[in-house]
Structure formats: C-alpha cells, structure tokens
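Geometric and topological summary
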Amino acid sequence: MAVTINTLREYKQNGEAFSALTSYDATFAQIVSEAGVDVILIGDSLGMVLQGNDSTLPVTMDQMVYHTSCVAKGNRGSLIMADMPFMSYGTVEAALENAAELMRAGAHMVKLEGTDWMKDTISALSERGVPVCAHLGLTPQFVNKFGGYKVQGRDEKAAEMMIEHACELEEAGADIILLECVPAPLAARITQAVKAPVIGIGAGSDTDGQVLVVHDMLGLTPGRKPRFVKNFLAETDSVQEALAAYVQQVRDRTFPSEEHTFKA
Ligand code: KIV
Ligand code: NA
C-alpha cells in the first residue's frame, strides 16, 4: 500500500521509526522505494550532489520540477516530498504557484526551510491541499546568514525558540517537521512537543523518522563526511542490501548511534 501522511502519523502513534532518503532520478527512486523507504525526498541537495555547487542556493524551480518528475516515474509507493528551492517561497503567492508545479510533477508534499515567518505560507498551502514539511535547525538555504554549516539550537534560548517555532508551524498546518543538525536532547523535546511526525538528520535517534542523502549513505560523496553520515555500503555487498540495512537499522533505532549524534 502506498505511504501517505496518515501512514507516518500511525508510525508516530505506535512509536515505530520510519525512514526517508533522497533520490533525484527514476532508478534511485525505484530501488529506494522497493527497499521499503517510506519517504523519498527530492532534496535541493541536488545542487551540491548532482551539480557540484558549494551550496543549495543556485537550484532553480525548473530543475526541481524536472527531478521530481523523474523520481515520480521510478517511485513504487513511497511518499514523495519535494524541496522548494531558495526564494521560491519568498511570498505566499510565489509559494502557491511553485508548490503547484511540484505537485503537478508528482510530489505528494513540499518542504520549506524557515521559522515563524512561514506561518501564512504554510496555512495557505495546507488550506489548498498541499501538505507541508517544515525544515528547522540547520537550514542550508540560510548558510550565508549562519556563516557556515553549524549545529543549531545549542543554547537554551535558541532551543526554546526552536520548540516554539515547531509548535507554531504545526499549528499553521505543517504535517511534518524536519530537524537538521540539532542536539539530540532538543530533537527529542520537539518530537514530544508536536503531534506531527518529526524526521531527523543529525538529530539523534529519538525523532520519529530519519533521513539521509542517498549518495552519503552509500559512501559516494567525496571529501570529509559529516558526523551524522554512515556508509551502509561498507558493511554490505550491494546498493540494494545497503538500502535494506538502512531501513532495518532506522526501524530498530540502531542508526543513528552515539557516534552520529550531536549531544549538545
Ligand atoms: O536537500 C536535502 O537533501 C535535504 C535533506 C538533507 C534533509 O533537505
Ligand atoms: Na534540502
């Protein structure tokens, strides 16, 4: 049966951890989906992974639509989430128009990076039939404001602010919260504070779901790897087995372990 936002809500209610991975093309979408990964994300990380840029900022709407349509063709029943690229949701009007394009290309929901300023945008989308994932914490489209890729929510004031933002965005209509690079105890507090399923990357093992960039978890990404990345291909013999191992280790919460987690 195809995964929907209801499936993810049931996982949360039952305390079952679920998995998500990025894909940008039909082949990956199919094998990721067939491995039992619940959510496929067409991440704007494709700006780095596929295009070789040093940030996600150059990614355009046309490119996101193209990759979303490729993924939709390969998908075999996973929930398809598409990133809205930098400045494509700068106004409510732009967000509606651009989200519609991604939904027409085959997305089941969209993901936006930001905090309380997104409330009006999220309710406008949600009221018109577009489920939204609100991405908080290290939001890569803000790299120039953050002055680098840094763990977010480290002091108590910032932590409380993030909890408040998660609650406000859920209230506005967000169906999923995604937390990137936040200390595990904060991610656990946010997961408890909202009814919406929470997906984490570099956010410890207490979130409802986990996500990674597929090239990272197959050990393909060159250079220094972030703390939260694990190479699942290193302990298996094929891409398919590596994907299955990821699904299993997320499900039994053996991934992420301490070594992949920011404690504070
Ligand atoms: O673009 C992306 O791949 C993402 C995930 C890392 C969460 O947003
Ligand atoms: Na992204």
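Residues numbered from 1 in each chain as written. Chains lettered and ligands numbered in written order. Predicted model: local features only at pLDDT ≥ 70, side-chain atom pairs only at ≥ 80, totals over all residues. Heavy atoms only, no water.

Going by this rule: UniProt positions are given in the numbering used here, feature names are shortened, and annotations may be inferred rather than shown by experiment.
Per an unreviewed UniProt entry, the protein carries the name 3-methyl-2-oxobutanoate hydroxymethyltransferase and comes from Marinobacter pelagius. Regarding the protein, the relevant UniProt record gives this comment under Catalytic activity (unreviewed entry): "(6R)-5,10-methylene-5,6,7,8-tetrahydrofolate + 3-methyl-2-oxobutanoate + H2O = 2-dehydropantoate + (6S)-5,6,7,8-tetrahydrofolate". According to the UniProt record, the Subcellular location (unreviewed entry) comment for the protein is "Cytoplasm".

1. Looking at the UniProt feature "binding site: 3-methyl-2-oxobutanoate" (unreviewed entry) in the protein
In plain terms, the rule: In this analysis a 1.4 Å probe is tested at points of a 1 Å grid over the protein atoms alone, and where it fits but cannot get out there is a cavity; an open set with protein on both sides within 12 Å along at least five of seven lines is a pocket; lining residues have an atom within 4 Å of a point. Elements are defined by DSSP. Helices are runs of H or I of four residues or more, strands are runs of E of two residues or more, and each kind is numbered from the N terminus. Throughout, a contact is declared for two residues whenever any of their heavy atoms are within 4.5 Å. To sort residues, take the accessible area from a 1.4 Å probe on protein chains only and compare it with the maximum for the residue type: under 20% means buried, over 50% means exposed, and anything in between is partly exposed.
Here the UniProt feature "binding site: 3-methyl-2-oxobutanoate" (unreviewed entry) sits at Asp44, Ser45, Asp83 and Lys111. Look at the named residues: they lie 68 residues apart in sequence, but the longest C-alpha span between them is just 12.4 Å, so in the fold they bunch up. Checking the named residues against the largest pocket, the ones that line it are Asp44, Ser45, Asp83 and Lys111. Assignment of secondary structure puts Asp44 in the loop between strand S2 (39-42) and helix H3 (46-49). Residues within four places of Asp44 in sequence aside, it is in contact with Thr56, Val59, Met64, Asp83, Met84, Pro85, Glu113 and Gln141. Tracing the sequence through the fold places Ser45 in the loop between S2 and H3. The exposure class assigned to Ser45 is buried, which follows from its relative accessible area of 14%. Ser45 has contacts with Thr22, Tyr24, Thr56 and Val213, leaving out every residue within four places of it along the chain.

2. What about the coordination of the sodium ion (ligand 2)?
Tetrahedral coordination by four donors sets the ideal angle at the metal to 109.5 degrees; octahedral coordination by six donors sets it to 90 or 180 degrees. Selection rule: Atoms of type N, O and S within 2.8 Å of a metal are treated as its donors, and for Na, K and Ca the window is 3.2 Å; water is not considered, so some sites may appear to be missing partners.
Binding of the sodium ion (ligand 2) to the protein goes through Asp44 (OD) and Asp83 (OD), at separations of 2.2 to 2.3 Å. With a gap of 39 residues between them, Asp44 in the loop between S2 and H3 and Asp83 in strand S3 (residues 79-83) connect regions that are remote in the sequence. Relative accessible area serves as the criterion here: at 3%, Asp44 is assigned to the buried category. Exposure remark for Asp83: the relative accessible area of 2% places this residue in the buried category.

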